[in-house]
Amino acid sequence: MLAPDETAMRVLVLGAGYAGLTLARDLERRLPVDADLTVVNDSPHHLVQHEVHRAIRRPAVADAIQVPLDEALDRAEVVVDRVTGVDRDARTVELAEGDALDYDYCAVCLGAETAYYGIPGLEAHSVPLKRVADAETIRKRFFDDCDEGGTVVVGGAGLSGVQVAGELAALRDEEGAHADVVLVEQLDAVAPSFAEPFQRAVRDELLDRGVEIRTETTVESVTDATVATDTGDLDYDLLVWTGGIAGDDAMGGERPPVRADLRLDRRTFVVGDAARAVDADGEPVPASASAALREAKTVAGNVAAQVEFELDGDGNDFAPRPDPYRFEVPGWIVSVGDGAVAQVGPSIFRGKAAKAMKATVGAGHLTSVGAISRAVDLVDEELHA
């Protein structure tokens, strides 16, 4: 790693999730040699977030989905610390250990945290799924509280909730446990943000895997044994909450709105789940790994162009106009235990074809960040789940 030059232009990337690591790797290649690049992350590892649910049933997968940042990055300085604040006026970033970093350009890629919406008792009595430690907790609680009978409630039927419910149902079946897995959703369908054909296929896959689905059910409060909803009380032994996202504490718990250039101001960008973005066509961008990866590519080009202009320009030229981001993805995919559902264009796939597609997604991302051996390990885990 290169030590930063105090006199050089400094670019900060806050967070090393999908958006942050992709952006940092692109900037390593694009930035002029006399610009410093620093990545701040609260862990020394990059986490393949959309595969964390696998660690509930297959703890060994944790090794494959965590990539050391010092292996993934060559030029950037890595600071392992938690970001506690961003002062855009002073162009400084505050860290938990008490240090502050100045910046000329900054990309906030801190992702999102679990939202509890002020529901009484929910945060205290539920387990989220954001990190490997959460998967370990869910697994332990399942064996402690549900292995000989009980009820697991998963709150929120977005893609994360679907994957957690499917994984817990598969774990139950493998262990011969007598547990019920219940997926609760406030809206009228599972995968409610997606088109109806995809929703139907996901619902069918969940039902085939023995997951009970309760849509149009709003969680109102939680005790240590009961989830109170507007359709009646639901007793539980383990509650996993995946019901929404909120901004990082460093951003005041907010996901600030940004337009297609993904800028809060001329020198500060927000990328991935940390923002509520509208793309070049005026369409809201969903919080997803695929969007974060593509946003990062756009921002990398824009930051590099701005830095190069400032370092090489004569002061008389106009600053380069930032390229807008346009949300375009080829499709969607979600695992449900040992099965999967994929949509490519208008076509919906289940079974072996969808499972093979799911295996290539995580492996493709790991390969893109240089973690080829981990990509091989993940494919093996996916295809032999």
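Quick caveat: nothing in here was measured; it's all calculated off a predicted structure. (Residues numbered from 1 in each chain as written. Predicted model: local features only at pLDDT ≥ 70, side-chain atom pairs only at ≥ 80, totals over all residues. Heavy atoms only, no water.)

Visitor: Looking at this structure, I do not really get the nonpolar core. What am I missing?
Guide: A general tendency of soluble globular proteins is for nonpolar side chains to be buried together. In terms of nonpolar packing, the biggest core is built from 103 residues, with Leu23, Leu27, Leu168 and Leu206 touching the most fellow members. Sorting elements by how many residues they give to this core places helix H9 (residues 289–312) first, with eight residues. Both domains that furnish three or more residues to this core are identified here as domain 1 (9–42 + 81–112 + 247–312) and domain 2 (114–245 + 331–384). If sequence neighbours within four positions are ignored, Leu168 has contacts with Ile56, Ile138, Phe142, Val152, Val154, Val181 and Val240. (Core = buried A, V, L, I, M, F, W, Y, C linked by side-chain atoms within 4.5 Å. Buried < 20%, exposed > 50% of the residue type's maximum accessible area, 1.4 Å probe, protein only. Helix = DSSP H or I, 4+ residues; strand = E, 2+ residues; numbered from the N terminus. Domains from an automatic or database assignment. Contact = heavy atoms within 4.5 Å.)

Visitor: When you look at unusual backbone geometry in this model, what are you seeing that I'm missing?
Guide: The phi torsion of most residues other than glycine is negative, and most of the peptide bonds are trans. The backbone of Arg91 sits at a positive phi, close to 55°, despite the residue not being glycine. For Arg91, the location among the structural elements is in the loop between strand S6 (83–87) and strand S7 (92–95). On the basis of relative accessibility, which here comes to 28%, the residue Arg91 falls in the partly exposed class. With a phi angle near 60°, Leu262 is a residue other than glycine that sits in the positive phi range.

Visitor: Would you mind showing me how to read the sheet that holds S7 here?
Guide: Remark on secondary structure: sheet strands pair via backbone hydrogen bonds, oriented parallel or antiparallel. The strand order S6-S7-S8 describes an open sheet built from three strands, whose pairing is antiparallel. Two strands lie at the open edges of the sheet, namely S6 and strand S8 (100–102), each paired on one side alone. Between one strand and the next, the sheet's axes are offset by a mean angle of 20°, whatever the strand orientation. When S7 meets S8, the two strands line up antiparallel, connected through three bridges. Looking at the pairing, Glu94 lines up with Ala100 of S8. (Pairing = 2+ DSSP bridges. Axes fitted to C-alpha atoms, helices over the stretch in contact; angles between N-to-C directions.)

Visitor: I tried to follow the packing of aromatic side chains on my own but got confused; where do I start?
Guide: Remark: the centre distance and the inter-plane angle together describe each pair of aromatic rings, the angle taken between the planes. The tally for this structure, following the rule as stated, stands at four aromatic pairs. Taking the centre distance of 4.9 Å and the plane angle of 80° together, the rings of Phe194 and Trp332 count as edge-to-face. Taken as a pair, Phe194 in the loop between strand S12 (179–184) and helix H8 (196–208) and Trp332 in strand S23 (residues 331–336) lie far apart in primary sequence, 138 residues in all. Members of the aromatic cluster, each reached through a chain of ring pairs, are Phe194, Phe198, Phe327 and Trp332. The lysine or arginine in question, Arg267, covers the ring of Tyr105, its NZ or CZ lying 4.9 Å from the ring centre. (Phe/Tyr/Trp six-rings, centres within 6.5 Å; stacked < 30°, edge-to-face > 60°. Lys NZ or Arg CZ within 6 Å of the ring centre and 35° of its normal.)

Visitor: Would you take a moment to explain helix H1 (residues 18–30) for this structure?
Guide: Every α-helix winds through 3.6 residues per turn, so residues three or four apart in the chain are directed the same way. Its 13 residues give H1 an end-to-end C-alpha distance of 18 Å, which sits within 8% of 18 Å, the value for a rise of 1.5 Å per residue. For H1, the buried fraction is high: ten of the 13 residues fall into the buried class. Restricting attention to buried positions, one finds in H1 the residues Tyr18, Ala19, Gly20, Leu21, Thr22, Leu23, Ala24, Asp26, Leu27 and Glu28. (Expected span 1.5 Å × (residues − 1).)

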